[in-house]
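Structural characterization, general
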Protein chains: 2
Amino acid sequence: MSPFKLYCFAQSGNAYRAALMLELCGLAWEARFVDYFNGETRTEAYKRDVNEMGEVPVLVDGELKLSQSGVILDYLAKKTGRFLPDDEAGRREVLRWILFDNHKFTSYFATLRFMVGLRGEGENELTAFLRTRARAAYAVADAHLQASDFLLGDRPTIADISLAGYIYYPERAGVVVEDYPALARWAGRIAALPGWKAPYELMPGHPLVLAATP
Amino acid sequence: MSPFKLYCFAQSGNAYRAALMLELCGLAWEARFVDYFNGETRTEAYKRDVNEMGEVPVLVDGELKLSQSGVILDYLAKKTGRFLPDDEAGRREVLRWILFDNHKFTSYFATLRFMVGLRGEGENELTAFLRTRARAAYAVADAHLQASDFLLGDRPTIADISLAGYIYYPERAGVVVEDYPALARWAGRIAALPGWKAPYELMPGHPLVLAATP
């Protein structure tokens, strides 16, 4: 079986979800570096040939080309039988948290971290708004995780892997995981799973990773 | 069978998706008005008894209580056999668009419309940011819909119903559907489906609806 190919770059937590799932499932995969910071996802060629939504990640499995991290997680979970409950109620709960993550937990923080943490922009009305929204979403997840080890109880699912997308990046932009004790303990549990790696160890394009290549 | 109960309020396009799906499927349902503008979703009681995420919509079907519009749409589609392809590739495509909608198409516009269209706030860095992001997402959907009548081809699915959440509200905040011709034609096709109603005709809490009650 030829390995999976993942369009990704190191700074993308959306791509990290897919890369982490591949690692946790012990699947062979290779990275196809996407030069996001030089505009590759915004080119007509990328939109035409790779992803009309102009985003990473994109997973290639033979003839299949899948985009949206939630779709990729669901696909890999069904293919491997890992990280997905087999009852309908559990699957609804997984989808509920993946949607919450995409809409509220990750989206505000990812934008804030890009502006403040990666581009070094100053504070303004926009960054204040994003930080307030991100903190509110972190508080929702923290409250939920006070009652269980993982989002769905005592076993990790793709809902956890989705929520973990931007948790391990060092650029926090004022949204600090340790301020949310249950969330911080949960992050430790995910990081203790066999095969776990941090995002900058897993995907190409970060200076630390580039420096390690010959 | 007792009717479905939907926690909602007129101005919420997230709730409108669920209300529209119930109507298009011809299901009996009753609205449970949520007093969002007086803070009901932010109370501890609401988070404890209705939705820990502090949001509408919430659908009650007997003993089941479901939140996140994407979960509700998926649940009703499976229950009725309507608006969902029965092959795995089609279901992945539906999920892909629902995720894109939650992350990019609706989220930026809904926040912008709330600030500028409902609360009458002035323009600033935040509203400029939200409008730029919303327009980019509208352009992605418009480009896709140039090739087909609905998101998945010639038949509507819950992906279309999700994307339609905020399309029919009169408060546009500078993101005008008519500026995207394929999207505008698609919106007309959805509005022509049997059972379609506009959001302010379908859910309680808007002045126009309140004025119509005795």
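Structure: above.
Residues numbered from 1 in each chain as written. Chains lettered and ligands numbered in written order. Predicted model: local features only at pLDDT ≥ 70, side-chain atom pairs only at ≥ 80, totals over all residues. Heavy atoms only, no water.

Residue and element names in this part refer to chain B. If you walk across this open sheet you meet the 4 strands as E2-E1-E3-E4, and the pairing is mixed. Edge positions in the open sheet fall to strand E2 (29–33) and strand E4 (64–67), since each of these has one partner strand only. Each strand of the sheet is rotated relative to its neighbour by a mean of 20°, with strand direction disregarded. As defined by bridge partners, strand E1 (residues 4–8) adjoins strand E3 (residues 58–61) across 3 bridges and the pair is classed as antiparallel. Within E3, the residue paired with Tyr7 across the bridge is Val58. (Pairing = 2+ DSSP bridges. Helix = DSSP H or I, 4+ residues; strand = E, 2+ residues; numbered from the N terminus. Axes fitted to C-alpha atoms, helices over the stretch in contact; angles between N-to-C directions.)

Both the distance between ring centres and the angle between the ring planes are used here to describe each pair of aromatic rings. Throughout the structure, instances matching the rule amount to 32 aromatic pairs over all chains. Centroid distance Trp97 of chain A to Phe100 of chain A: 5.5 Å. Interplanar angle 85°. Geometry classified as edge-to-face. Within this pair, Trp97 of chain A and its partner Phe100 of chain A are both found in helix H4 (residues 88–118), separated by 3 residues, close to a single helical turn. Owing to a relative accessible area of 0%, Trp97 of chain A belongs among the buried residues under this scheme. Of the residues examined, Phe100 of chain A reaches a relative accessible area of 1% and is grouped as buried. Ring centres of Tyr169 of chain B and Tyr200 of chain B lie 5.2 Å apart, and the angle between their planes is 75°; on these two criteria the pair is classed as edge-to-face. A residue pair is termed long-range when its members are at least 10 positions apart, and Tyr169 of chain B in the loop between helix H6 (158–163) and helix H7 (181–191) and Tyr200 of chain B in helix H8 (residues 199–202) qualify at 31 residues. We note that Tyr169 of chain B, like Tyr200 of chain B, is buried. Through a chain of ring-to-ring contacts, the aromatic side chains of Tyr16, Tyr166, Tyr168, Tyr169, Trp196 and Tyr200 of chain A assemble into a single cluster. Positioned above the aromatic ring of Tyr36 of chain B, the side-chain terminus of Arg42 of chain B is 5.9 Å from the ring centre. Here the guanidinium or amino end of Arg113 of chain B rests over the ring plane of Tyr169 of chain B, the centre of that ring lying 4.0 Å away. (Phe/Tyr/Trp six-rings, centres within 6.5 Å; stacked < 30°, edge-to-face > 60°. Buried < 20%, exposed > 50% of the residue type's maximum accessible area, 1.4 Å probe, protein only. Lys NZ or Arg CZ within 6 Å of the ring centre and 35° of its normal.)

With that settled, the discussion passes to the pairing of strand E2 (residues 29–33) of chain A. Residue and element names in this part refer to chain A. Note that strand E1 (residues 4–8) and E2 share 5 bridges and pair parallel. Bridge pairing in E2 places Cys8 opposite Phe33. Once you follow E1 into helix H1 (residues 13–24) and on to E2, the crossover reads as right-handed. (Right-handed = clockwise from strand over helix to strand, strands pointing away.)

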